[in-house]
Amino acid sequence: MRISAKHKLLINLLLIGISLLVWVILLFNPGGIMTMEHCHVSASGPSAASLEMLLEMNPVSDQLLGWGLMVVAMMLPKLTLPVQQLFATSLKRMRFITCMLFVLGYLATWMLVGLFMVVAITLLNLWFPMSFMPALVVLLPGLVWQFSPWKQYFLNQGHDHRPLSAFGGAALRDAFQYGLVHGVWCVGAGWALMLFPMLLPQGHNAAMLIVTFIMISEHLEQPRLVKWRFDLRLRLFRYLIAQTRVRLGAAAV
């Protein structure tokens, strides 16, 4: 079944609208949930006391909340195509719940990974408070991963839309599992890109915007041969340039 243009537009507006709303929240950074606060004890060197004070100033719950908001803001626009596909293949009366379960499964994968990310971020900030060193430590393997065949493998798997059950509990189970598995492929492809902005003591939001642009561009690319490839994956940039030229040309006529 093909999805109508109206439904496609509604899905895009809903996911992108929620993403933009969360971006506004992140930019205001209420309670400092998107930044790591430090104190003179942690700056004097890592110790049990400095770790305790660091966690007191940056509770794990607040860090996970910040991580979750970052995932929603950066990842929801990437889900428009799989949600459209699920919407089209679900029974009419089950469309909303199956799409919701898919998104929840996807976010659950990233939140589980977020637990490990928060631990890593906390420990790195304990050893290198207010330093760019942790971000640089992640940047090098992240660049290697970015152009590696392993990353291409995960990107290719993200295009795998398996058949899903249409009826009853099996449909709900399949939708949630589909979200979990899709999340695994996204984590495999984008773990370094997601971790890097969280380790920056400054320029966090700018880095998130750049990473979001790259990840959406990657999502728009077609599956490719799994091999080493130096490719900045700027399909979104090329798309925006083409659209701008078309509109400017139409305005000039």
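Sequence order as written defines residue numbering, which begins from 1 separately in each chain. Totals for whole chains, interfaces and linings use all residues, but because this is a predicted model, local features are given only for residues with pLDDT of at least 70 and pairs of side-chain atoms are given and counted only at 80 or more. Side-chain descriptors were evaluated using all non-hydrogen atoms of the structure, hydrogens and water having been removed beforehand.

Looking at the pattern of salt bridges
Then comes step 1: Definition used for salt bridges: Asp or Glu carboxyl oxygen within 4 Å of a side-chain nitrogen of Lys or Arg. Under the definition given, this model contains 4 salt bridges.
Then comes step 2: Close ionic contact of Lys 151 with Glu 218 constitutes a salt bridge, the shortest N to O distance being 2.8 Å. One end of the pair, Lys 151, is in helix 8 (residues 149-157); the other, Glu 218, is in helix 10 (residues 204-220), with 67 residues separating them in the sequence. Side by side, Lys 151 and Glu 218 carry an identical accessibility label, which is buried.
Then comes step 3: When the shortest N-O distance is used, the salt bridge between Arg 224 and Glu 221 registers 3.1 Å.
Then comes step 4: Each of Glu 221, Arg 224 and Asp 231 takes part in salt bridges that share partners, so that together they form one network. Each helix corresponds to a stretch of at least 4 residues labelled H or I by DSSP, and each strand to a stretch of at least 2 residues labelled E; elements are numbered beginning at the N terminus. Only protein chains enter the calculation, and the probe is 1.4 Å; a residue is then buried if its accessible area is under 20% of its type maximum, exposed if over 50%, and partly exposed in between.

Describing unusual backbone geometry
Then comes step 1: Residue Met 130 is not a glycine yet carries a positive backbone phi of 50 degrees.
Then comes step 2: Looking at the element boundaries, Met 130 is found in the loop between helix 6 (95-127) and helix 7 (133-146).

Side note on helix 4 (residues 60-75)
Then comes step 1: A helix is expected to span 1.5 Å multiplied by its residue count minus one. For helix 4, with 16 residues, the first-to-last C-alpha span of 22 Å sits near the 22 Å given by 1.5 Å per residue.
Then comes step 2: Here helix 4 has its buried residues at Gln 63, Leu 64, Gly 66, Trp 67, Gly 68, Leu 69, Met 70, Val 71, Val 72, Ala 73, Met 74 and Met 75.
Then comes step 3: Should any heavy atoms of two residues lie within 4.5 Å, those residues are counted as being in contact. Check the buried side of helix 4 and you find it contacts helix 1 (5-28), helix 6, helix 9 (168-198) and helix 10.

Some points on a nonpolar patch on the surface
Then comes step 1: Without a salt bridge and with relative accessible area above 30%, a residue can belong to a patch; like charges are then joined within 9 Å and nonpolar side chains (Val, Leu, Ile, Met, Phe, Trp, Tyr) within 5 Å. Only the protein chains shown count as covering a residue, and every accessible area follows the Shrake-Rupley method with a 1.4 Å probe. A contiguous nonpolar surface patch, about 920 Å² in accessible area, is contributed by Val 119, Leu 123, Trp 127, Phe 128, Phe 132, Met 133, Leu 136, Val 137, Leu 139 and Leu 143.
Then comes step 2: Every element with two or more residues in the nonpolar patch is listed here: helix 6 and helix 7.
Then comes step 3: When residues of the nonpolar patch are assigned to their parent elements, the largest contribution, 5 residues, is made by helix 7.
Then comes step 4: Along the chain, Leu 139 turns up in helix 7.
Then comes step 5: Assessed through its relative accessible area of 32%, Leu 139 is described here as partly exposed.

By themselves, these figures tell us nothing about what the structure is for.
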